[in-house]
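Notes for the structure review
These are the residues of each chain, in order.
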Amino acid sequence: MGERLWEKSYPAGIRWDAPIERAPLTALLDAATDTWGPKAALEYRDTTITYAELRRAVDALAASFMQRGVGPGTAVALYLPNTPYHPIAFFAALKAGGRIVHLSPLDAERELAYKLQDSGARMLVTTNVGLMLLMAQGLMRAGHLDLIVVGDDTAFGPSAVPTTPIGDGDPRVVRFDQLRAEGETLPTPAWPTADVEDIALLQYTGGTTGRPKGAMLTHGNLSAACSIYKLWGNPQRLFAPGDDKVICVLPLFHIYALTAVLLRGLFEGNEVMLRIRFDVETTLRDIEVKKATVFAGVPTMWIALANTPGIEVRDFSSLRYAASGGAALPVEVAERFHRLTGQRLGGGWGMTETSPAGTGLPRECEGRAASVGVPLPGITMEIVALDDPRRVLAPGEKGEIRVKGLNVTKGYWNAPEETAASFVDGWLLTGDIGTMDEDGYFYLVDRKKDMIISGGFNVYPRTIEEAIYEHASVAEVSVIGVTDAYRGEAAKAFVQLKPGAQPFTLDELRAFLADRIGRHELPTQLEFRDSLPKTAVGKLSKKELIAEERQKLQAAAE
């Protein structure tokens, strides 16, 4: 393409070619703690941890980790919800020279075992929240682990969630506080020197078809993403860095929360408010009473807030920035939320493999409601033909998005074939179908694998979902492709209604959609659900619906 069309759409003070800083993540934390020592770094259930206290906890735990064999290249698994144990263990393992393996608390035992085996992690840090400790002990009995480090959630006051007694007796299960206390008595070790090219994190992604893949994210990738966010965000800031209180309810085992909320928040001296799960009233209390200034959520959170009775009279005045990420936010939801609260939702696009920096909407962006924004500084994006990823398409043409930048992974752990298939001439093929306009704004159409081919036409579920969200009775919707005798494949809509709303027929839905989408895009099936399946991050998930439809098909054929 040569020409970066998006540069003309940049707000004042932002340069695409500004230098991007890369550094070991531990060096960035040390710099932040030196600068912001007595200031609050983390807040969890009314307990505050200052930057100086965070540094002491990280150093002590890192010294203990080194005593127990963690060194350069050692994989340490984190199996944690949003508690202070996560950031402390994350930085401690890195300071000892190790690399992090994120595990999701919602993973099934088989998925956890696979990720441990694939990554080589034999040490796991967890907590006694819910059944997580019991799951970890089951993995140890099955031979997948040598050591479990467990943090007691009640150490931060009465736990807001059910906990499991930790118990004593098994020397392979060690209390987090014990390890930290041991580390405080040790002489300060010579910390291993991390290189920006060292892997900091194996972040597993995919798995809807086949095995999850561990994206190798280096210290350089993650620090570049933080630098890119800073280059984009600071010139648009209304307040000085270090002055924000950031709600972190998005799970830290997910790349969006890790980089865009936690790492960016800490490196810029802000207070990160850790929340173990999303709850409308807790979030509103954080904003109205605790005066949170930044809240990044996923679409399901904004849908829940927009559908909350009386939301229009709640006090959002402390919020300086609200954003939606992790998945596409329906335009209708963003507009309704703005109408009700006066808050305009920022947003953008990114993925695990981009750490996850990608695009952003300028703060004062008007009239681009359906866009995910423009590529951030240092990131190049192009639209290429679906049948030839080397052929770059012109503005307005639909194709696959490819991306390049210092934040982009070098590939997948132990998966050379997957890596080779995902890159062309140094560009990462994202699997997202989209377009770019003449001003460099990108628009997502759908995921390549979600595309429905109906009667020879490409049908994009997201286009149909956006139209269905305009229906006054619809709270949430997922559209998938199902087998159709005439067209080969057609669209089926799964709808969750708003409280008190009445169901409607398929014909009524098709009539409502008739002037909104093409005839070939109209759903041929409709099913109402009390709730729709979601991922650990709160994104709507289609794989369960696809599996159900496949099973129905098989049962009918038998």
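Please read these numbers as outputs of a predicted model, since none were measured by experiment.

We now examine the side chain of Asn 270. Looking at the secondary structure, you find Asn 270 in the loop between α8 (255–267) and β11 (271–274). Judged by relative accessible area, Asn 270 falls into the buried class, the value being 4%. Within polar-contact distance, the side chain of Asn 270 engages the backbone nitrogen of Asp 243 at 3.3 Å. One polar contact links the side chain of Asn 270 to the main-chain amide nitrogen of Asp 244, over a distance of 3.1 Å. Look past the residues within four positions of Asn 270 in its chain and what remains in contact with it is Lys 39, Ala 40, Ala 41, Tyr 51, Arg 237, Pro 241, Gly 242, Asp 243, Asp 244, Val 246 and Gly 265.

Strands sit in the order β7-β6-β5-β3-β4-β8-β9 across an open sheet of seven strands; the sheet is mixed. Two strands close off the open sheet at either side, each with one partner strand: β7 (173–175) and β9 (213–218). Strand-to-strand, the axes of this sheet are offset by a mean angle of 25°, without reference to chain direction. Both strand β8 (residues 199–205) and β9 contribute to a ladder of six bridges, which runs antiparallel. By the bridge assignment for β9, Gln 203 is matched with Ala 215. Where helix α4 (residues 109–119) meets the sheet, its contacts fall on β3 (75–78), β4 (99–102), β5 (123–127) and β8, and the angle it forms with β8 comes to roughly 145°. Where helix α6 (residues 176–185) meets the sheet, it contacts β5, β6 (147–151) and β7, and its direction lies at approximately 70° from that of β7.

Attention now goes to α8. Of all 13 residues in α8, 12 are buried, a share of seventy percent or more. What α8 keeps buried is the set Ile 255, Tyr 256, Ala 257, Leu 258, Thr 259, Ala 260, Val 261, Leu 262, Leu 263, Gly 265, Leu 266 and Phe 267.

Turning our attention to the nonpolar core. If you look at soluble globular proteins, the nonpolar side chains tend to sit buried side by side. Within the largest apolar cluster, 135 residues are counted, with the highest numbers of intra-cluster contacts made by Phe 65 and Ile 468. The element best represented in this core is α8, accounting for 10 residues. Contact partners of Phe 65, with chain neighbours within four places excluded, come to Val 70, Ala 89, Ala 92, Ala 93, Ala 96, Met 123, Val 125, Val 149 and Leu 179. Residues Leu 116, Met 140, Ile 199 and Met 216 belong to the second largest nonpolar core, which totals 25 residues.

Moving on, we come to the packing of helix α10 (residues 299–306) against helix α11 (residues 331–341). Packed helices, taken two at a time, are described by the angle their axes make and the gap between the axes. Here α10 crosses α11 at 45°, and the two axes come no closer than 10 Å. By the angle between their directions, the pair α10 and α11 is classed as oblique. Our pair here, α10 against α11, has a crossing hand that is left-handed. Together, Trp 302, Ile 303, Leu 305 and Ala 306 of α10 and Val 333, Arg 336, Phe 337 and Leu 340 of α11 make up the contact between the two elements. Residues of the contact of α10 with α11, tallied by class, amount to seven nonpolar, no polar and one charged.

Our next topic: the sheet that holds strand β15 (residues 359–360). Sheet architecture is open: nine strands sit in the order β2-β1-β11-β10-β12-β13-β14-β15-β16, paired in mixed fashion. Of all the strands in the sheet, the pair left with one neighbour each is β2 (47–50) and β16 (374–375). Relative to β11, strand β1 (residues 40–44) is paired through two bridges, and the arrangement is parallel. In the strand pairing of β11, Leu 42 is matched with Val 272. Packing of helix α2 (residues 51–67) onto the sheet brings it into contact with β1 and β2, and relative to β2 it is tilted by some 75°. Relative to strand β12 (residues 294–297), α10 is tilted by about 110°, and along the sheet it contacts β12 and β13 (321–324).

Before going further, it helps to spend a moment on empty space enclosed by the protein. Applying the stated criterion across every chain, the model contains one cavity of 30 Å³ or more. Here the largest cavity defines a volume of roughly 40 Å³. What lines the largest cavity is Ile 452, Ser 454, Val 459, Arg 487, Ala 490, Ala 491, His 520, Glu 521, Leu 522 and Thr 524. The set of elements that each furnish at least two residues to the lining of the largest cavity consists of β23 (452–454) and β26 (488–497). Taken together, the residues that form the lining of the largest cavity break down as five nonpolar, three polar and two charged.

On to the pairing of β26. Among the 10 residues of β26, eight are classified as buried, and the element is accordingly described as predominantly covered. Relative to β26, strand β25 (residues 474–484) runs antiparallel, the two sharing 10 bridges. Each bridged residue has a counterpart across the sheet, and for Ser 478 the counterpart in β26 is Phe 494. The sheet contact formed by β26 and strand β27 (residues 525–528) spans four bridges and is parallel. Among the inter-strand pairings, Phe 494 is bridged to a residue of β27, identified as Glu 527. Each parallel crossover has a hand, and the one from β26 via helix α14 (residues 506–513) to β27 is right-handed.

What follows is about the packing of aromatic side chains. Here the structure, examined in full by the defined rule, presents 11 aromatic pairs. Between the aromatic rings of Trp 6 and Phe 442, the centroid separation amounts to 6.4 Å while the plane-to-plane angle is 55°, which identifies the pairing as tilted. Within this pair, whereas Trp 6 is found in the segment before α1 (25–36), its partner Phe 442 is found in strand β22 (residues 442–447), the two being separated by 436 residues in sequence. Each member of the pair Trp 6 and Phe 442 is classed as buried. Ring centres 5.5 Å apart and planes at 70° place the aromatic pair Tyr 10 and Trp 232 in the edge-to-face group. Highlighted residues: Tyr 10 in the segment before α1 and Trp 232 in helix α7 (residues 219–233), separated in sequence by 222 residues. By relative accessible area, which is 8% here, Trp 232 ends up buried. Each residue in the set Tyr 44, Tyr 85, Phe 156 and Phe 176 is aromatic and connected to the rest through ring pairs, giving one cluster. The aromatic ring of Trp 16 is capped on one face by Arg 4, whose charged end is 3.7 Å from the ring centroid. Geometry around Phe 239 places Arg 320 over its ring, the cationic atom sitting 3.6 Å from the centre.

This next bit is on the layout of surface pockets. Size it by volume and the second largest pocket reaches roughly 650 Å³. Along the walls of the second largest pocket sit 31 residues, with Leu 106, Ile 276, Arg 277, Phe 278 and Ala 536 positioned nearest its centre. Looking at the lining of the second largest pocket, the elements that each hand over two or more residues are α10, β25 and β26. Considering every element that reaches the lining of the second largest pocket, the biggest residue donor is α10, with four residues. Split into classes, the residues belonging to the lining of the second largest pocket amount to 21 nonpolar, seven polar and three charged.

Rules and cut-offs
- Residues numbered from 1 in each chain as written.
- Predicted model: local features only at pLDDT ≥ 70, side-chain atom pairs only at ≥ 80, totals over all residues.
- Heavy atoms only, no water.
- Helix = DSSP H or I, 4+ residues; strand = E, 2+ residues; numbered from the N terminus.
- Buried < 20%, exposed > 50% of the residue type's maximum accessible area, 1.4 Å probe, protein only.
- Polar contact = N/O pair within 3.5 Å; in protein donor to acceptor, adjacent residues only side chain to side chain.
- Contact = heavy atoms within 4.5 Å.
- Pairing = 2+ DSSP bridges.
- Axes fitted to C-alpha atoms, helices over the stretch in contact; angles between N-to-C directions.
- Core = buried A, V, L, I, M, F, W, Y, C linked by side-chain atoms within 4.5 Å.
- Parallel < 35°, antiparallel > 145°, perpendicular 65-115°, else oblique.
- Left-handed = near helix turned anticlockwise from the far one by under 90°.
- Nonpolar A, V, L, I, M, F, W, Y, C, P; charged D, E, K, R; others polar.
- 1 Å grid on protein atoms, 1.4 Å probe; cavity = no way out; pocket = protein on both sides within 12 Å on 5 of 7 lines; lining within 4 Å.
- Points joined across faces, edges and corners; volume = space filled by probe spheres on them.
- Right-handed = clockwise from strand over helix to strand, strands pointing away.
- Phe/Tyr/Trp six-rings, centres within 6.5 Å; stacked < 30°, edge-to-face > 60°.
- Lys NZ or Arg CZ within 6 Å of the ring centre and 35° of its normal.

Such coordinate-based values are descriptive only and should not be taken to indicate function.
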